[in-house]
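One-letter residues, chain by chain:
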Amino acid sequence: MREETNVLHHILADPLTGAISTPIYQTSTFVQEAPGVNQGYDYARTNNPTRKVLEETITSLEEGAAGFAFASGLAAVDAVAKLLQAGDEVIAVDDIYGGSFRLFQHIYQKFGITIKYVDTTDPENVAREISSRTRLVWLETPTNPTLKVSDIQTIADIAHGAGAWLVVDNTFASPALQKPLRHGADIVVHSATKYLAGHSDVLAGLVVVDSEELAEKIKFIQNATGGVLGPWDCWLTLRGIQTLHLRLEKQCRNAAAIAQYLTTLPSIDKVYYPGLENHKNHDVASSQQTLFGAVVSFSFKHDTVETANRFVTSTHLFKLAESLGGVKSLLCHPATMTHGSTPTDVRRAAGIQDSLVRLSCGIEHADDLIADLGQAFSLTRLSFAQKAII
Ligand SMILES: *Cc1c(COP(=O)(O)O)cnc(C)c1O
């Protein structure tokens, strides 16, 4: 059975009532027949029937051994980080999600964990830094906001050679496009807030592991630390997942059309999209992803914060907001928004130009999205016309 079919029918009708939509079990506890004699549930932090369906669904989508739902993407990242102990080292992708960077630097570093950031687009950089103290290698591919692509299988082999686990934050691709466990990763994490839930209406995080050993550890951490996803939010995430493939296909088609359009504009400096043949590691993306994703970034030749600011306040359909992955298109200006707290020199060194704009393409018609960008480019050009620079 193909995946789009399987994901829908994997979610069974409620065994008790036949309800085709998974019921929201809004309960904190479960009545027991005798102490310890129950129907598989005793307390909702440990297990909840609505959460169980979501956890089984993401396990199936990522082809793992077990899945776990958390209150946000960062709570999921945090649960995985709790596998570490003092003295351990982490090697992480250098343009890791800002919230994960903050968590590692400001929470875990003070507990005696060292994090090294390397450019993972070249696996040699991982091989050079890895040691017997490395417990986790932490990848995102593609990354935010310049869509850097790293080779999961090659880096998994390097990690395993040193006795480390490979974690892939698969938020940007989603399991509809990329299955890191197939390429040797041990753990996948998601901000389900983005593509999996898909409607910009819920915060959620998911972890999927590929072994019983890791399943036991994460289950223990989930129950011991308690950052679980509530039943309503499990239900919203489950509802979103049922249209994941449908949405992503359209969103990726829109993104590809927009990336192509951007390459034709004289005022644009760089276009970042893994589907473009000149994108670094385009061939790696082609081999580990089925489509190239729905985020496109670009920078202006007139590389100033003001240029980007004029542009991001001139679109109508693309709404100016943090986050991505929803059905409505969004755009943001990383230099002042998502990376606003990153020191300017560090940000520029990471390749995030002052005028970089990130687009999260939704499910609108591509013609309307391109027309919206077109009129915003005209307004931006007009406002800088006297300077004849754009
Ligand atoms: C948004 C995001 C997160 C954090 O997820 P929240 O649901 O916002 O806590 C983690 N990783 C990536 C790549 C993200 O885009």
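What you are looking at is a predicted structure, and each value in this text was computed from that prediction instead of being measured.

A.B. asks: Sorry, what's going on with helix α6 (residues 152–161) here?
C.D. replies: An α-helical segment advances 3.6 residues per turn. Residues three or four places apart therefore align on the same side. The complete set of buried residues in α6 reads Ile-152, Ile-155, Ala-156 and Ala-159. Summarising the axial view, the buried residues of α6 lie within an arc of 105 degrees, below the 170-degree limit, and thus occupy one face. For α6, the elements touching its buried residues are α5 (123–129), β4 (134–140), β5 (165–169) and α10 (282–288). Sitting at the head of α6, Asp-151 places a side-chain oxygen 3.2 Å from the backbone nitrogen of Gln-153. Downstream of α6 by one or two residues, Gly-163 has phi in the positive range, about 75 degrees.

A.B. asks: Just to check I follow, could you spell out the sheet that holds β4 for this structure?
C.D. replies: Each strand in a sheet pairs with its neighbour through backbone hydrogen bonds, running either in the same direction (parallel) or in the opposite one (antiparallel). Overall, mixed pairing links the seven strands, which are arranged β1-β7-β6-β5-β4-β2-β3 in an open sheet. This sheet does not close on itself; its edge strands, each paired only once, are β1 (66–70) and β3 (114–118). Neighbour to neighbour, the strand axes of the sheet diverge by 20 degrees on average, direction disregarded. Taken together, the four bridges between strand β2 (residues 89–93) and β4 define a ladder with parallel strand orientation. Within β4, the residue paired with Ile-91 across the bridge is Val-137. Helix α2 (residues 49–62) contacts β1, β6 (187–191) and β7 (205–209) of the sheet and is inclined by roughly 125 degrees relative to β1. Along the sheet, helix α3 (residues 73–81) makes contact with β1, β4, β5, β6 and β7, crossing β6 at roughly 155 degrees.

A.B. asks: Whenever I open this one, the site of the ligand confuses me. Can you help?
C.D. replies: Around the ligand, a shell composed of 13 residues is seen, among which Gly-73, Asp-169, Ser-191, Thr-193 and Lys-194 lie nearest. At 2.9 Å from an oxygen atom of the ligand is found a side-chain nitrogen or oxygen belonging to Ser-191. Here Lys-194 contributes a side-chain N or O atom positioned 2.7 Å from an oxygen atom of the ligand. Isolated, the ligand exposes 380 Å² of accessible area, and the fraction of that covered by the protein chains is 92%. Residues of the shell around the ligand, tallied by class, amount to five nonpolar, five polar and three charged.

A.B. asks: Looking at this structure, how should I read the domain arrangement of the chain?
C.D. replies: Interfaces are often described in size by the accessible area the parts lose on coming together. What the domain assignment lists for the chain is domain 1 (3–241) and domain 2 (245–389). Taking the mean C-alpha position of each, domain 1 and domain 2 sit 28 Å from one another. Between domain 1 and domain 2, the contact holds 32 residues from the first and 32 residues from the second. Taken together, both faces of the contact between domain 1 and domain 2 bury some 2700 Å²; the carbon and sulfur share is 58%. On the domain 1 side of the interface with domain 2, the three residues burying the most area are Pro-145, Leu-177 and Tyr-195, jointly 27% of the side's total. Our count for the contact surface shared by domain 1 and domain 2 stands at zero salt bridges. One can count 15 residue pairs in polar contact (both at pLDDT 80 or more) joining domain 1 with domain 2. At the level of secondary structure, the elements contributing two or more residues to the side of domain 1 that touches domain 2 comprise α1 (3–10) and α8 (231–241). Considering each element in turn, the side of domain 1 that touches domain 2 owes the most residues, three residues, to α1. Partitioning the side of domain 1 that touches domain 2 into residue classes produces 15 nonpolar, 12 polar and five charged.

A.B. asks: Teacher, can you tell me more about the packing of α3 against helix α4 (residues 98–108) here?
C.D. replies: Packing of α3 against α4 leaves a shortest axis separation of 10 Å and a crossing angle of 45 degrees. Taken as axis vectors, α3 and α4 run oblique relative to one another. The hand of the α3/α4 crossing is right-handed. Across the interface between the two elements, Leu-74, Val-77, Asp-78 and Ala-81 from α3 touch Gly-99, Ser-100, Arg-102, Leu-103, Phe-104 and Tyr-108 from α4. Split by residue class, the contact of α3 with α4 holds six nonpolar, two polar and two charged.

What counts as what
Residues numbered from 1 in each chain as written. Predicted model: local features only at pLDDT ≥ 70, side-chain atom pairs only at ≥ 80, totals over all residues. Heavy atoms only, no water. Buried < 20%, exposed > 50% of the residue type's maximum accessible area, 1.4 Å probe, protein only. Helix = DSSP H or I, 4+ residues; strand = E, 2+ residues; numbered from the N terminus. Arc of directions from axis to C-beta. Contact = heavy atoms within 4.5 Å. Polar contact = N/O pair within 3.5 Å; in protein donor to acceptor, adjacent residues only side chain to side chain. Pairing = 2+ DSSP bridges. Axes fitted to C-alpha atoms, helices over the stretch in contact; angles between N-to-C directions. Near = heavy atom within 4 Å. Areas by Shrake-Rupley, 256 points an atom, 1.4 Å probe, with all protein chains shown as cover. Nonpolar A, V, L, I, M, F, W, Y, C, P; charged D, E, K, R; others polar. Domains from an automatic or database assignment. Buried area = accessible area lost by both parts, 1.4 Å probe. Salt bridge = Lys/Arg side-chain N within 4 Å of Asp/Glu carboxyl O. Parallel < 35°, antiparallel > 145°, perpendicular 65-115°, else oblique. Left-handed = near helix turned anticlockwise from the far one by under 90°.

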